[in-house]
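Residue strings, one per chain:
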Amino acid sequence: MIDLRSDTVSKPTKEMLECISSAKVGDDVFGDDNLTLKLQDQAAGILGKDAALFVPSGTMANQIALQTHTQAGDEVILESGSHIYMYEGGGYASLAGVSVKLVQGDRGIMDPVEVKNAIRPPGGLSHYPKTKLICVENTANAGGGTVYPLDVLDSITNLAVGKNLKTHLDGARVFNAAISSGIDIKRIVRDFDSVSFCLSKGLGCPVGSLLCGSYSFIKKAHRFRKMLGGGMRQTGFLAAAGIFALEKNIERLEDDHIRARKLAKSLIDFGYGICLDSVETNMVYIDVSFLNLKMEVVIEFLKKNNVLIAASSDKHLRAVMHLGINNAGLQKAIDVFQNLKTIT
Ligand SMILES: Cc1ncc(COP(=O)(O)O)c(C=O)c1O
């Protein structure tokens, strides 16, 4: 099976499994799992933040960030297709108790002017909720895996400082943003109060994310992790994979980006609707409406031909490159898409 559904589906490589099986573990709730402590230090160091916290998922990292930065009744600015708004089960409302003000991005990228307009005015006879936090998603998943230009990030973080707001970067795929733009990761995340990133996506780990920020932020976040049941025990097995990934799997994200563009270019040649400009990292959103087939038929045909893929709308498929897709697998997928046209 050539599994293009997500970069979360990749399996640990033999080398990563060796790191996992030879890990010397402790108990992270007691604070003596040395590999987890090492992973957290390493992640904080790479991002240029004081400290980091290992958590089971990107969703938990984001939810802890919301809880740590806000109080119930505050308001958070989010992009309308963002993961925190769309795909975290409404956790912002039930866990942090915040309301949300949405900004419609262009391919997921928010315009700083619109972010500014979304900030509630102060005062107002206590009528308004209090804007407290701006969240930015980089890369923007539903935008196509798009990368925030640095000047846009700077405008948003400067705006936040000027308005005394906090900023959180949902950097589930922020290493893809760094590799694609060629900008140092430390610079990309520099002015954000907190950053989350996932080990379990392009970096190829089976589980895990890190939440990074100042010492005081992480101390507070630690308590929210506990409340959510995210304090785990022999996490060294997972941390061993994470350390391996941070050392070996960042640069190779470039291969995924090259393959995504190759897929996009081939499919454009076959007549599929793709905005090549939005293929900046490892994702390709494919408009299949020209086939005049039901989406289930399209997905079933691909599956019967060993290509697994998911729909992102009634017209679009999303193909994601990852460690489990090599050049041969990519070519096979391209061939199957070419054949798909022949059944119409
Ligand atoms: C942008 C973004 N943020 C957060 C997450 C959540 O990660 P997880 O699936 O580990 O909860 C995802 C998952 O796809 C994502 O794409």
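Predicted model only: the values in this text are computed from it and were never measured.

**Points about the sheet that holds strand E11 (residues 310-311)**
What the 3 strands build is an open sheet, ordered E9-E12-E11; its pairing is antiparallel. Here the strands that pair on one side only, and so sit at the sheet edges, are strand E9 (283-287) and E11. Where E11 meets strand E12 (residues 316-320), 2 bridges bridge the pair, whose relative direction is antiparallel. Residue Ala310 lies in a different strand from E12, and its bridge partner there is Arg318. Helix-sheet contacts for helix H13 (residues 295-304) involve E11 and E12, and the interaxial angle to E12 is about 30°.

**Observations regarding the nonpolar core**
In this structure, Phe175 and Phe197 are the most contacted members of the largest nonpolar core, which totals 51 residues. A total of 7 residues in this core trace back to one element, the largest contributor, which is helix H11 (residues 236-248). Each residue touching Phe197, except ones within four places of it in the same chain, is listed here: Ala43, Leu47, Gly171, Ala172, Val174, Phe175, Leu203, Ser209, Leu210, Cys212 and Leu246. In this structure, Leu263, Tyr272, Val298 and Leu302 belong to the second largest nonpolar core, which totals 30 residues.

**So, the environment of Gly229**
You can see Gly229 is positioned in the loop between helix H10 (215-227) and H11. A residue is classified by how much of its surface remains accessible, and Gly229, at 54% relative accessible area, is exposed. A sequence separation of 173 residues divides Gly229 from Pro56, and the C-alpha atoms of the two residues are 9.7 Å apart.

**Examining the sheet that holds strand E8 (residues 209-213)**
Overall, mixed pairing links the 7 strands, which are arranged E2-E8-E7-E6-E5-E3-E4 in an open sheet. Strand pairing shows two members of the sheet lacking a second neighbour, strand E2 (51-55) and strand E4 (99-103), which therefore form its edges. Strand-to-strand twist of the sheet, defined as the mean angle between neighbouring strand axes without regard to direction, takes the value 20°. Lying on the sheet, helix H2 (residues 34-47) is in contact with E2, strand E7 (194-198) and E8; it crosses E2 at an angle near 125°. Where H10 meets the sheet, its contacts fall on E2, E7 and E8, and the angle it forms with E2 comes to roughly 20°.

**Things to note about the pattern of salt bridges**
For the structure on display, the rule yields 10 salt bridges. The closest approach of N and O atoms between Asp7 and Arg173, which form a salt bridge, is 2.7 Å. A residue pair is termed long-range when its members are at least 10 positions apart, and Asp7 in the loop between strand E1 (2-3) and helix H1 (14-21) and Arg173 in the loop between strand E6 (166-170) and helix H8 (174-181) qualify at 166 residues. Where Glu75 meets Arg120, a salt bridge forms, and the shortest distance between an N and an O atom there is 2.6 Å. Taken together, the residues Glu75 in strand E3 (residues 74-79) and Arg120 in the loop between helix H6 (112-118) and strand E5 (130-137) connect sequence positions 45 residues apart. For Glu75, a relative accessible area of 2% translates into the label buried.

**Details of the site of the ligand**
The ligand sits among 13 residues. The nearest are Gly58, Thr59, Asp170, Arg173 and Lys201. Between Lys201 and the ligand, the recorded distance is 2.8 Å, taken from a side-chain N or O atom to an oxygen atom. Contact with the protein chains covers 84% of the free accessible surface of the ligand, which is 390 Å². For the shell around the ligand, the element with the most residues is helix H3 (residues 58-69), which contributes 3 residues.

**So, the domain arrangement of the protein**
Taken domain by domain, the protein holds domain 1 (7-248) and domain 2 (252-342). Its C-alpha centre places domain 1 at a distance of 28 Å from the equivalent point of domain 2. Contacts between the two partners involve 23 residues from domain 1, matched on the other side by 18 residues from domain 2. Together domain 1 and domain 2 conceal approximately 1,600 Å² of surface at their shared face, both sides included; 57% is due to carbon and sulfur atoms.

**Focus: the pairing of E5**
The side chains of a regular strand alternate, residue by residue, between the two faces of the sheet. Counting buried residues in E5 gives 6 out of 8 residues, a clear majority hidden from the surface. For E3 and E5, the ladder comprises 4 bridges, and the chain directions are parallel. What sits directly across from Glu75, in E5, is Thr131. The pairing of E5 with E6 spans 5 bridges and is parallel. The residue of E6 that forms the bridge with Glu137 is Asp170. Following the chain from E5 across helix H7 (residues 150-162) to the adjacent parallel E6, one finds a crossover that is right-handed.

About the cut-offs
- Residues numbered from 1 in each chain as written.
- Predicted model: local features only at pLDDT ≥ 70, side-chain atom pairs only at ≥ 80, totals over all residues.
- Heavy atoms only, no water.
- Pairing = 2+ DSSP bridges.
- Helix = DSSP H or I, 4+ residues; strand = E, 2+ residues; numbered from the N terminus.
- Contact = heavy atoms within 4.5 Å.
- Axes fitted to C-alpha atoms, helices over the stretch in contact; angles between N-to-C directions.
- Core = buried A, V, L, I, M, F, W, Y, C linked by side-chain atoms within 4.5 Å.
- Buried < 20%, exposed > 50% of the residue type's maximum accessible area, 1.4 Å probe, protein only.
- Salt bridge = Lys/Arg side-chain N within 4 Å of Asp/Glu carboxyl O.
- Near = heavy atom within 4 Å.
- Polar contact = N/O pair within 3.5 Å; in protein donor to acceptor, adjacent residues only side chain to side chain.
- Areas by Shrake-Rupley, 256 points an atom, 1.4 Å probe, with all protein chains shown as cover.
- Domains from an automatic or database assignment.
- Buried area = accessible area lost by both parts, 1.4 Å probe.
- Right-handed = clockwise from strand over helix to strand, strands pointing away.

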